[in-house]
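# Structural characterization, general
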Amino acid sequence: MELGMAYQFANQSRLGLKIAHISNAKIHQEDPGEDEILVTYAVPLSFEDR
């Protein structure tokens, strides 16, 4: 299961947050799972000829 969202600034860069939980779907008796939090910052690149 995962939930993510991002905000895009006026200069087209983005700041995002993703929260996720990974488990073995109770295939085995022991299921500790793993929680993750990911923060991203993306900057657009332009390869136009000038």
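Refer to the structure above for everything that follows.
Below is a short write-up of the structure. Residues take numbers from 1 onward in each chain, read along the sequence in its written order. For a predicted model such as this one, the threshold for reporting local features is a pLDDT of at least 70, and the threshold for listing and counting side-chain atom pairs is 80 or more; totals across whole chains, interfaces and linings nevertheless cover every residue. In computing side-chain values, all of the structure's heavy atoms are included and hydrogens and water are not.

Should DSSP find at least two bridges between two strands, the strands are taken to pair. Strands here mean DSSP runs of E at least two residues long; helices mean DSSP runs of H or I at least four residues long; both are numbered from the N terminus. The three strands lie next to each other as S1-S2-S3, forming an open sheet whose pairing is antiparallel. In this open sheet, the two strands that pair with only one neighbour each are strand S1 (2-8) and strand S3 (34-42). Here the average twist between neighbouring strands, direction ignored, is 10 degrees. Sheet analysis places S1 next to strand S2 (residues 14-22), joined by seven bridges and oriented antiparallel. Bridge pairing in S2 places glutamine 8 opposite arginine 14. Structural elements are reduced to axes, namely lines fitted to C-alpha atoms, with helices fitted over the stretch in contact, and the angle between N-to-C directions of any two is expressed from 0 to 180 degrees.

Turning our attention to unusual backbone geometry. In most cases, non-glycine residues show a negative phi, while peptide bonds are predominantly trans. The phi torsion at glutamine 12 lies on the positive side, around 75 degrees, for a residue other than glycine. Mapped onto the fold, glutamine 12 is located in the loop between S1 and S2.

Right, let's talk about the side chain of serine 13 for a bit. Positionally, serine 13 belongs in the loop between S1 and S2. We call two residues contacting when some pair of their heavy atoms lies within 4.5 Å. Aside from chain neighbours lying at most four places away, what touches serine 13 is Tyr7, Gln8, Tyr41, Ala42, Val43 and Pro44.

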